[in-house]
Amino acid sequence: MPLPDDHEAAVFARELDQYLANCEAVTLAIVTTPDGRLRAQRQRGAYETDLTAVMGSSLMALGDTILAELRLGACDTVIAESAQGLVLFNHIASAFVLVSMTQSKSSLGSLLSWARRTADDIAQGLPLDKTVQSTSA
Amino acid sequence: MEPLTLSTEGMTDAEQMLLSMIFSFASDQLTHSWTIRQGGRADVVIYDIANPRARLAWERSRTAPHPVSVVLSEDPIPDLPWVLHKPVRTQRLIPFLNGLSDWMTQQSPTASAASARELRQDDPFSTLKQRLGAVASARLAQEGALQDLKLLISGSVAAGKSTAIRTISDIPPINTDVPATDSVSILKTRTTVALDYGELTLGDGKKLRLYGTPGQRRYDFMSKILCRGALGLVVLIDNRVDNPLAELDYYASIFRDLVTDSAMVVGVTHRDQAPEPGLDRYERRLQTFHKPWPVFPVDPRKKSDVIALFDALVTMLEHARRPYAVAGRP
């Protein structure tokens, strides 16, 4: 499995550190490839991250597929909510997926805002095509 | 002309099922149409003489000109015209049945190969859907609330699961494929990360839902979700992988709960690029599971190949002595 290059790893590390510093509500942040390979993570706990990265890629793809099926454009965010917390899934351009978790249900707005900003900041730090690719055939 | 009818005495369920499957999926390789008769007088009777009752029945009927007696035996039996050697294998059965039907046609001038061909001109896809519809109706009566049937297609990365669904689905399939970023990219540029979905319309509003799983093992959690409520399983194995038989073991293992009470067929793909292991090795490995799971060579791009797989699955469902349970349902 190829390792992310130094520049990429540095961007992930810098932006995820910023994310956790700026958004108190976020307890876990993961960057994964669209096919489920964990690239970077930061957390305030001891959460399992490999499988979360894989599942995050599936949910992001399903979000893309559902919105494409309904002709609602590209998927920005998938939200999974429970009584204990929230998990958000955002595209980072078309090359990565950002998974964000909070245990504070009242922090949806803050988490949405910071997750999008973090995704944008990572994308700007990488030479990526920012067009979100639909996964629907 | 009517198809030749065949009944059996003493054959195992698996052997009978193999016969049914050959009559269905390999009809284009048979020079005559055949059908299995469960009761009444048949043109041909196959006796497994290892079974005492079947041996007795054969002893009583062997001198009669009709029906034609075929002996199933592990050992050669001299002076008997029609001996089918155990174990029963697809490669062995087809030439045997063709030799037998040709001989019977010569004995009975009314038998017409032309009319046999006419029988085979039925659209196999329509026939399959009719049979699936019958299975659906039976299952609806059994399950009550079950409105649709669901089949699962799983197997190795790049084995052709998405392609098989695309080949056979009545609707444009739904895919969740993304660019592959790991070693899979050597085999293909995109890979499924959640599911593939297609449908077969069976008539009367009934639908067969086709779900394809991701092939990469890190996505096995999706397989566990998708297999809930499935009626049966199609496993596609890419013969190019390092150890295809281990792949077979793996999928039999992860879908153990599903296939214990349900039906499973195995399709081996990319045999043009990797002819080994041969189908006989798959058959031997499948026998270790003590289940009548058949294996077929498959090109997922060919509708006839995919139909043959589904045909075998439906045959298993039709021949179940008791209705197969639906996975995930009490």
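Note that the coordinates shown come from a computational prediction; the quantities given were computed from them, not determined experimentally.

A. Representation of the nonpolar core within the structure. By size, the foremost hydrophobic cluster in this structure holds 94 residues, and its most contacted members are Ile22, Trp34, Leu100, Leu152, Leu208, Met264 and Phe310 of chain B. A per-element tally of this core places helix α11 (residues 303–318) of chain B first, with 10 residues. Ranked by size, the runner-up nonpolar core spans 23 residues in total, among them Val11, Leu20, Ile92 and Leu111 of chain A.

B. Structural view of the state of the cysteines. Applying the stated criterion across every chain, the model contains 0 disulfides over all chains. No disulfide involves Cys75 of chain A; its nearest neighbouring cysteine sulfur is the one of Cys23 of chain A, lying 19 Å away.

C. The packing of aromatic side chains, seen in detail. All names here are of chain B. The full count for this structure, using the stated rule, is 7 aromatic pairs over all chains. Plain terms: the ring middles of Tyr219 and Phe221 are 6.3 Å apart, the flat faces sit at 35° to each other, and that makes the pair tilted. The pair Tyr219 / Phe221 is uniform in exposure class, with both members buried. Aromatic rings pair up to connect Trp82, Phe96 and Trp103 into one cluster. Positioned above the aromatic ring of Tyr211 is the side chain of Lys150, whose terminal nitrogen or guanidinium carbon lies 4.9 Å from the ring centre. Taking the ring centre of Tyr250 as reference, the NZ or CZ of Arg217 above it sits at 3.6 Å.

D. The pattern of salt bridges, seen in detail. Scanning the model with the defined rule gives 16 salt bridges over all chains in all. Its salt-bridge partner being Glu247 of chain B, residue Arg217 of chain B comes within 2.6 Å of it at the nearest N-O pair. Of this pair, Arg217 of chain B sits in the loop between β10 (206–212) and α7 (220–226) while Glu247 of chain B is found in helix α8 (residues 244–254), placing the two residues 30 residues apart along the sequence. Salt bridges sharing partners connect three or more residues here, namely Asp35 of chain A together with Asp182 and Arg218 of chain B.

Basis of the calculations
- Sequence order as written defines the numbering, with residues in each chain counted from 1.
- Chain letters start at A and ligand numbers start at 1, both assigned in the order the entries are written.
- Given that the model is predicted, a residue must reach a pLDDT of at least 70 before its local features are reported, and side-chain atom pairs must reach 80 or more before they are shown or counted; all residues, however, enter totals for whole chains, interfaces and linings.
- Water and hydrogen atoms play no part in the side-chain values, which are based on all heavy atoms of the structure.
- Note on terminology: a nonpolar core comprises buried Ala, Val, Leu, Ile, Met, Phe, Trp, Tyr and Cys residues joined through side-chain atoms within 4.5 Å.
- A simple rule labels every residue: compare its accessible area, found with a 1.4 Å probe on the protein chains alone, to the largest value its type can have, and call it buried under 20%, exposed over 50%, or partly exposed in between.
- Strands are runs of DSSP state E lasting at least 2 residues, helices are runs of H or I lasting at least 4, and numbering of each runs from the N terminus.
- Note that a disulfide, as used here, is simply two cysteine sulfur atoms within 2.5 Å.
- Pairing of aromatic side chains here covers Phe, Tyr and the six-membered ring of Trp, requires ring centres within 6.5 Å, and sorts the geometry by plane angle: under 30 degrees stacked, over 60 edge-to-face, intermediate tilted.
- Only Lys NZ and Arg CZ are tested; either one counts as a charge over a ring when it is within 6 Å of the ring centre and within 35 degrees of the ring normal.
- Salt bridges are identified by distance alone: a Lys or Arg side-chain nitrogen within 4 Å of an Asp or Glu carboxyl oxygen.

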